[in-house]
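In case you want the letters, here they are:
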Amino acid sequence: MRWRFFYLFITLLFSGCAQLPTTESTAKRSWDIQKAQLEQLTHWDFSGKLAFITPEERNSVNIHWQQSGQNFHIYLSTFLGMRLLEIQKNDHETIIIDDDGKRYAANNGEQLITELSGMDIPIEQLQQWIKGNPSNASYQLNAQQQVASLFGGKQKNDLWSITYSDYRTIKNINLPHKLQLTRGGLRLKFSISNWQIKNALLQNLED
């Protein structure tokens, strides 16, 4: 009787162990699907608020970001709707328009933003990071197989740390509605109120 119980115990033990990889495989498949959707998502826009926080000051603005493939249009405004900064990138150049209507243009958008604002904003990588795709960055997933945090940037000794929260499902894809970028004493806090997905491929997934 004891041996029969022993064999039964071993059978159940190995049966239980065999189920663990299945759970891990399911989670991996879930993340693989999510990441593929994020990479396919190339046409979108969102509206919300953006806070710039340093040890000396804190400013909050409205933000509307429209992405069309590699091109984008970012519009920052006051709570009354007055333009503070407008950034437009097309196939040839990046154009910045300030609150006085003065236009600046350059081939290197990030460098232009740094020269005008004094802040080194990873605008190229942020096009992926903003939607929760950890492109060229190390990352951690949460229990729902969504990016909880990432660590990346172009300069190895001066990387950005990003934390994500409040994911919501839009057109069958999970998108973050709150994220915070931190580097040194600078913090950028995005609070997104509305996502719009324009990819025909992703819209078809809903049907």
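In this text, all values refer to a predicted model and were calculated from it rather than measured experimentally.

Details of the sheet that holds strand β3 (residues 71-77)
What the 11 strands build is an open sheet, ordered β6-β5-β4-β3-β2-β1-β11-β10-β9-β8-β7; its pairing is antiparallel. Each edge of the open sheet carries a strand with a single partner, namely β6 (103-106) and β7 (137-141). Looking at each pair of strands side by side, their axes are set apart by 20° on average, direction ignored. Here strand β2 (residues 58-68) pairs with β3 via 7 bridges, running antiparallel. Each bridged residue has a counterpart across the sheet, and for W65 the counterpart in β3 is I74.

Description of the packing of aromatic side chains
Here the structure, examined in full by the defined rule, presents 8 aromatic pairs. Where F46 meets W195, the ring centres are 5.1 Å apart and the plane angle is 55°; that geometry is what we call tilted. Placement of the pair is F46 in strand β1 (residues 43-53) and W195 in strand β11 (residues 186-197), with a sequence separation of 149 residues. Among the residues examined, W195 registers a relative accessible area of 3% and is labelled buried. Put simply, the rings of W44, F46, W65, F72 and W195 pair up and form one aromatic cluster.

Topic: a positive patch on the surface
A contiguous patch of positive charge, built from R58, K178, R187 and K189, is present on the exposed surface. Mapped onto the secondary structure, R187 falls in strand β11.

Examining the pairing of strand β4 (residues 83-89)
Both β3 and β4 contribute to a ladder of 6 bridges, which runs antiparallel. Along β4, the bridge assignment pairs H73 with Q88. Joining the antiparallel neighbours β3 and β4 is a turn of 5 residues, in which G81 adopts a positive phi near 90°. Of the pairings in the sheet, the one linking β4 to strand β5 (residues 94-98) comprises 5 bridges and is antiparallel in character. Residue pairing for β5: E86 is matched across the bridge by I97. Between the antiparallel neighbours β4 and β5 lie 4 residues.

Quick notes on the environment of D100
Here D100 shows up in the loop between β5 and β6. Among the residues examined, D100 registers a relative accessible area of 71% and is labelled exposed. Sequence separation of D100 and R83 is 17 residues, and the distance between their C-alpha atoms is 8.7 Å.

Looking at unusual backbone geometry
The phi angle at N136 is positive, at roughly 55°, despite the residue not being glycine. The exposure class of N136 is exposed, given its relative accessible area of 68%. Positive phi values are uncommon outside glycine, yet K171 reaches one of about 55°.

Re the pattern of salt bridges
A side chain of one charge can pair with a side chain of the opposite charge if their charged atoms are brought near each other. Here the structure, examined in full by the defined rule, presents 4 salt bridges. When the shortest N-O distance is used, the salt bridge between E39 and K35 registers 2.6 Å. Of this pair, E39 and K35 both sit in helix α1 (residues 2-40), 4 residues apart, which is roughly one turn of the helix. Classification of E39 as partly exposed rests on a relative accessible area of 46%.

Re the nonpolar core
Ranked by internal contacts, the top residues of the largest apolar core, which has 39 residues, are F46, W65, L188 and F190. Not counting chain neighbours up to four residues away, the residues in contact with L188 comprise L50, A51, F52, I121, W160, L179, Q180 and L181.

Some remarks on helix α2 (residues 109-117)
Every buried residue of α2 is accounted for by G109, E110, L112 and I113. Buried residues of α2, viewed axially, fall in a sector of 160°; they line one side. Where α2 is buried, its residues meet β4, β5, β6 and α3 (123-129). Regarding α2, its N-cap is N108, as a side-chain oxygen of that residue lies 2.9 Å from the backbone nitrogen of Q111 further along.

Definitions and limits used
Residues numbered from 1 in each chain as written. Predicted model: local features only at pLDDT ≥ 70, side-chain atom pairs only at ≥ 80, totals over all residues. Heavy atoms only, no water. Pairing = 2+ DSSP bridges. Helix = DSSP H or I, 4+ residues; strand = E, 2+ residues; numbered from the N terminus. Axes fitted to C-alpha atoms, helices over the stretch in contact; angles between N-to-C directions. Phe/Tyr/Trp six-rings, centres within 6.5 Å; stacked < 30°, edge-to-face > 60°. Buried < 20%, exposed > 50% of the residue type's maximum accessible area, 1.4 Å probe, protein only. Patch = residues over 30% accessible without salt bridge, like charges linked within 9 Å, V, L, I, M, F, W, Y side chains within 5 Å. Areas by Shrake-Rupley, 256 points an atom, 1.4 Å probe, with all protein chains shown as cover. Salt bridge = Lys/Arg side-chain N within 4 Å of Asp/Glu carboxyl O. Lys, Arg positive; Asp, Glu negative; His and termini not counted. Charge placed at Lys NZ, Arg CZ, Asp CG, Glu CD. Core = buried A, V, L, I, M, F, W, Y, C linked by side-chain atoms within 4.5 Å. Contact = heavy atoms within 4.5 Å. Arc of directions from axis to C-beta. Polar contact = N/O pair within 3.5 Å; in protein donor to acceptor, adjacent residues only side chain to side chain.

So far we have only geometry, and geometry alone does not tell us how the molecule works.
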